[in-house]
Amino acid sequence: MYRITAREDLAPVTKLFVVEAPEVARKCKSGQFVIVRVSEHGERVPLTIADYDRQRGELTIVFQVVGKTTAELSTLGVGDSLASLTGPLGLPTEIEKYGTVVMVGGGVGIAPIFPIARDLKEAGNYVIGIIGARTRELLFWEDRMRTVTDELIVCTDDGSYARKALVTEPLKELCQSGRTIHRVWGIGPAIMMKFVSLTTKPFGIQTIVSLNSIMVDGTGMCGACRVVVGGRTRFCCVHGPEFDGHEVDWDLLMARQRIYLDKEKLALERYQQLCEAHRETVH
Ligand SMILES: Cc1cc2nc3c(=O)[nH]c(=O)nc-3n(C[C@H](O)[C@H](O)[C@H](O)COP(=O)(O)OP(=O)(O)OC[C@H]3O[C@@H](n4cnc5c(N)ncnc54)[C@H](O)[C@@H]3O)c2cc1C
Ligand code: FES
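To start, this report covers the structure provided alongside it. (Residues numbered from 1 in each chain as written. Chains lettered and ligands numbered in written order. Predicted model: local features only at pLDDT ≥ 70, side-chain atom pairs only at ≥ 80, totals over all residues. Heavy atoms only, no water.)

## A short note on the sheet that holds strand S3 (residues 33-37)
Hydrogen bonds along the backbone pair up the strands of a sheet, which may run parallel or antiparallel. Applicable threshold: Two strands pair if DSSP finds at least two bridges between them. Counting from the N terminus, the helices are DSSP H or I runs at least four residues long and the strands are E runs at least two residues long. Any pair of residues with heavy atoms lying within 4.5 Å of one another is described as a contacting pair. Lines fitted to C-alpha atoms define the axes, with helix axes restricted to the stretch in contact, and inter-axis angles between N-to-C directions lie between 0 and 180 degrees.
One open sheet holds the 7 strands; their spatial order is S6-S1-S2-S5-S4-S3-S7, and the pairing between them is antiparallel. On the outer flanks of this sheet lie strand S6 (81-82) and strand S7 (84-89), each paired with one strand and no other. Where S3 meets strand S4 (residues 45-53), 4 bridges bridge the pair, whose relative direction is antiparallel. Bridging from a neighbouring strand, Val34 pairs with Leu47 of S4. Packed onto the sheet, helix H3 (residues 110-122) meets S4 and strand S5 (58-64) and runs at close to 40° relative to S4.

In structure tokens:
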């Protein structure tokens, strides 16, 4: 059983769970992910490991409520258990002393970029962080990011907090400033990662992104997570999730992410109707 030992509502749609998973916590590294199921017959949802505590045997996951399964997940609390948690999956981030690195986290992508930034700082890099969200209430972990960065730029799309900008604006300024940047990481929605990659490309700065392709088994068997990188078909769950952002076929990735949109919408509507009917029966 994978018991939830802490829960925090980071934003109205962003939830944090600390989960007991000693075997995964012992082995996992930054950049890897787990696949969780809320119930025995539930859908498998891939979530990046946002933090881990090897001694306590616990993992931190942060997720955004976007559809049926994440809505169901958000109803759990301390003391509840996940039906399954599989991992660690995917290749860990390559941590080295590169020099100056820029870590760009967008929306819920701030959570997975945090442990990578921490490891890169510990490896002796000068770490510049850029974090952003659509609006102030969706922004979280500014304090945590400050502890693992040498400089931190905070933005909101609507200007409700800190600088009014998309994360790519300060990134472009940094690239143009003449400072030597050895590597950039971008984690967030696919559209953000695409534009982070397009921003750094003219400057020839190696850019790593963490792809959130559609996944099913997470073991390289089903082929659901295929992406095209550098003209080659890759399976995100075993060859990734991190790839060279300049090589990713972004239009294909985004088109594949939309494949099940109608079914996902229907599943959420049905789940909401079921919850409503249950509430009416109880009251
Ligand atoms: C390696 C990886 C790491 C991820 N890490 C995080 C994370 O740390 N935090 C977070 O909030 N989200 C993360 N995601 C996305 C998360 O898995 C989806 O938000 C979740 O599956 C949505 O499920 P749903 O049933 O609530 O929504 P649905 O209504 O089923 O889908 C809503 C959207 O979520 C995406 N999605 C749905 N099913 C899958 C699936 N099986 N695999 C991948 N994407 C899917 C699609 O883009 C879809 O349009 C990650 C995805 C991958 C592949
Ligand atoms: S999720 Fe099935 S092959 Fe990657």
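## Regarding the nonpolar core
Soluble globular proteins tend to pack their nonpolar side chains together in the buried interior. Put simply, the rule is: Nonpolar core, defined: a set of buried Ala, Val, Leu, Ile, Met, Phe, Trp, Tyr and Cys residues in which side-chain atoms within 4.5 Å join the residues together. Accessible area is worked out with a 1.4 Å probe on protein chains only. A residue is then buried under 20% of its type maximum, exposed over 50%, and partly exposed in between.
Val102, Val104, Ile130, Leu171, Val184, Leu211 and Trp250 are the most contacted members of the largest nonpolar core, which totals 33 residues. Ignoring any residue separated from it by four or fewer positions in sequence, one finds Leu211 in contact with Met193, Val227, Cys236, Pro241, Phe243, Val248, Trp250 and Leu253. Counting residues in each nonpolar core, the second largest holds 30 residues, with Ala11, Ile110, Ile116 and Phe140 among its members.

## A word on the site of ligand 1
This is how the line gets drawn: In this text, near means that some heavy atom of the residue lies within 4 Å of the molecule or strand in question. Any pair of nitrogen or oxygen atoms within 3.5 Å is treated as a polar contact; in protein, a donor-acceptor pairing is required on top of that, and neighbouring residues in sequence qualify only through side-chain atoms on both sides. Accessible areas in this description were obtained via Shrake-Rupley with a 1.4 Å probe; residue shielding takes into account the shown protein chains only.
Inspection of the region around ligand 1 gives 23 residues, with Pro46, Val62, Gln64, Thr70 and Met215 positioned closest. Take Glu43: an N or O atom from its side chain is 3.0 Å from an oxygen atom of ligand 1. Gln64 is positioned such that a nitrogen or oxygen atom in its backbone is 2.8 Å from an oxygen atom of ligand 1. Against a free-state accessible area of 850 Å², the protein chains account for coverage of 87% of ligand 1. Elements that contribute at least two residues to the shell around ligand 1 include exactly S4, S5, helix H2 (68-73) and helix H9 (261-282).

## Structural notes on the environment of Thr156
Inspection of the secondary structure assignment puts Thr156 in strand S10 (residues 151-156). Between the C-alpha atom of Thr156 and that of Asp143, which follows or precedes it by 13 residues, the distance is 16 Å. A polar contact of 3.2 Å, which involves the side chain of Thr156, links it to the backbone nitrogen of Ser160. Within the structure, the side chain of Thr156 is placed 2.6 Å from the backbone oxygen of Tyr161, a separation counted as a polar contact.

## Some words on the packing of helix H6 (residues 190-200) against helix H8 (residues 250-257)
This is how it is decided: Our angle categories are set so that under 35 degrees counts as roughly parallel, over 145 as roughly antiparallel, 65 to 115 as roughly perpendicular, and the remainder as oblique. Three classes are used: nonpolar for Ala, Val, Leu, Ile, Met, Phe, Trp, Tyr, Cys and Pro, charged for Asp, Glu, Lys and Arg, and polar for all others, with Gly counted as polar.
Packing of H6 against H8 brings their axes to within 10 Å, and their N-to-C directions diverge by 175°. Relative to H8, the element H6 lies roughly antiparallel. Touching Ala190, Ile191, Met193, Lys194 and Ser197 of H6 are Trp250, Asp251, Leu253, Met254 and Gln257, all from H8. For the contact of H6 with H8, the residue count by class is 6 nonpolar, 2 polar and 2 charged.

## Quick look at the sheet that holds strand S9 (residues 126-133)
With respect to topology, 7 strands assemble into an open sheet ordered S11-S10-S9-S8-S12-S13-S16, the strand pairing being mixed. In this open sheet, the two strands that pair with only one neighbour each are strand S11 (163-164) and strand S16 (242-244). The sheet contact formed by strand S8 (residues 100-106) and strand S12 (residues 183-187) spans 5 bridges and is parallel. By the bridge assignment, Val101 is partnered in S12 with Arg183. The strands touched by H3 within the sheet are S8, S9, S12 and S16, with S8 carrying the most contacts at an inclination of about 165°. H6 contacts S8, S12 and strand S13 (207-210) of the sheet and is inclined by roughly 160° relative to S12.

## Some remarks on the packing of aromatic side chains
Remark: the centre distance and the inter-plane angle together describe each pair of aromatic rings, the angle taken between the planes. Test applied: Only Phe, Tyr and Trp rings take part, Trp by its six-membered ring, and two of them pair if their centres are within 6.5 Å. Stacked means planes under 30 degrees apart, edge-to-face means over 60, and tilted covers everything else.
Applying the stated criterion to the full structure yields 4 aromatic pairs. Here the aromatic rings of Phe114 and Trp141 are separated by 5.4 Å at their centres, their planes lie at 70°, and the arrangement is edge-to-face. Here the residue Phe114 occupies a position in helix H3, and Trp141 occupies one in the loop between S9 and helix H4 (142-147), the gap between them amounting to 27 residues. Residue Phe114 is classed as buried on the basis of its relative accessible area, which comes to 5%.

## Observations concerning the pattern of salt bridges
For clarity, the threshold we go by: By convention in these notes, a salt bridge is any Lys or Arg side-chain nitrogen within 4 Å of a carboxyl oxygen on Asp or Glu.
For the structure on display, the rule yields 12 salt bridges. Here Arg7 and Asp9 are joined by a salt bridge, their closest N and O atoms 3.0 Å apart. Among the residues examined, Asp9 registers a relative accessible area of 47% and is labelled partly exposed. When salt bridges that share partners are traced, they join Arg7, Asp9 and Lys15 into one network.

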